[in-house]
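# Understanding the architecture of this molecule
Single-letter residue listing:
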Amino acid sequence: MEFKSKAFNDNNAIPIQYTCDGINISPPLTWTNVPKNAKSLVLIMDDPDAPDPMAPKVVYWILYNIPAVQTALIENVQSSKINIKEGLNSSNI
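Cut-off values and rules
- Numbering of residues starts from 1 in every chain and runs along the sequence as written.
- Per-residue local features of the predicted model are confined to residues with pLDDT of at least 70, and side-chain atom pairs are confined, for both listing and counting, to 80 or more; whole-chain, interface and lining totals are unaffected and use all residues.
- Where side-chain values are given, they derive from all heavy atoms of the structure, hydrogens and water being excluded.
- In DSSP terms, a helix is any run of H or I states spanning at least four residues, a strand is any run of E spanning at least two, and both are numbered starting from the N terminus.
- Categorising residues by exposure relies on relative accessible area from a 1.4 Å probe, with only protein chains included: less than 20% of the type maximum marks a residue as buried, more than 50% marks it as exposed, and the intermediate range marks it as partly exposed.
- Residue contacts follow a heavy-atom distance rule, with two residues in contact if any of their heavy atoms lie within 4.5 Å.
- Nonpolar core, defined: a set of buried Ala, Val, Leu, Ile, Met, Phe, Trp, Tyr and Cys residues in which side-chain atoms within 4.5 Å join the residues together.
- For the purposes of these results, a polar contact is taken to be a pair of N or O atoms within 3.5 Å, where, inside protein, one atom must be able to donate a hydrogen and its partner to accept one; residues adjacent in sequence count only when each atom of the pair is a side-chain atom.
- Strands are treated as partners if at least two bridges between them are detected by DSSP.
- Stacked, edge-to-face and tilted are the three classes for Phe, Tyr and Trp ring pairs, Trp counted by its six-membered ring, which pair at centre distances within 6.5 Å; planes under 30 degrees apart are stacked, over 60 edge-to-face, the rest tilted.

Across its full length, the protein chain holds zero helices and six strands. Ordered by position from the N terminus, the helices and strands of the protein chain form the series β-β-β-β-β-β. In terms of overall dimensions, the protein chain has a C-alpha envelope of 40 × 25 × 25 Å along the principal axes. In the protein chain, which comprises 93 residues, the proportion classed as buried is 25%. Counted over contacts in the protein chain with a minimum sequence separation of 6, partners at least 24 positions apart contribute 48%.

Turning to the nonpolar core, a few remarks are in order. Leu29, Trp31, Leu41, Leu43, Trp61, Leu63, Ile66, Leu73, Val77 and Ile84 together form the largest nonpolar core, which totals ten residues. Secondary-structure elements contributing two or more residues to this core are strand S2 (29–32), strand S3 (40–47) and strand S4 (58–67). Per-element accounting of this core gives the leading share, three residues, to S4. Not counting the four nearest positions on each side in its chain, isoleucine 66 is found in contact with Trp31, Ser40, Leu41, Leu43 and Ile84.

Looking at where tryptophan 31 falls in the secondary structure, it is placed in strand S2. The spacing of tryptophan 31 and leucine 73 is 42 residues in sequence and 9.1 Å in space, taken between C-alpha atoms. Reaching out from tryptophan 31, the side chain makes a polar contact with the backbone oxygen of glutamine 70 at a distance of 2.7 Å.

To continue, consider the pairing of S4. In this sheet, S4 lies alongside S3 in antiparallel orientation, the contact comprising eight bridges. Bridge pairing links isoleucine 44 to isoleucine 62 in S4. Relative to strand S6 (residues 85–86), S4 runs antiparallel, the two being bridged by two bridges. Among the inter-strand pairings, leucine 63 is bridged to a residue of S6, identified as glutamate 86.

To continue, consider the sheet that holds strand S5 (residues 72–73). Taking strand neighbours across the sheet as the criterion, the three strands line up as S1-S2-S5 in an open arrangement whose pairing is antiparallel. This sheet does not close on itself; its edge strands, each paired only once, are strand S1 (2–4) and S5. Where S2 meets S5, two bridges bridge the pair, whose relative direction is antiparallel. From the neighbouring strand, threonine 30 faces S5, where its bridge partner is alanine 72.

Moving on, we get to the packing of aromatic side chains. Summed over the entire model, instances satisfying the criterion amount to one aromatic pair. With 5.8 Å between their ring centres and 40 degrees between their planes, phenylalanine 3 and tryptophan 31 make a pair best called tilted. Placement of the pair is phenylalanine 3 in strand S1 and tryptophan 31 in strand S2, with a sequence separation of 28 residues. Among the residues examined, phenylalanine 3 registers a relative accessible area of 39% and is labelled partly exposed.

Below you can see the structure in the form of structure tokens.
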């Protein structure tokens, strides 16, 4: 699968508005090449560059129950309004 966002380029920092230092909204996302036998999708946004390599990865966002036919999420998506579930992040929120 390939994920993209019109809000930032690959291997660049996520703009501050999409972080807890900004207004903390989700970025717009699109994806392609979903496996044909997929029933639903999970999105996990983590930080592979955590300062301490021995510490567990920091998980910022988990979405699950995304229909396999869906190919995008709008900016500032409200998961409860589209029947997608949110998991707990590393801060247990």
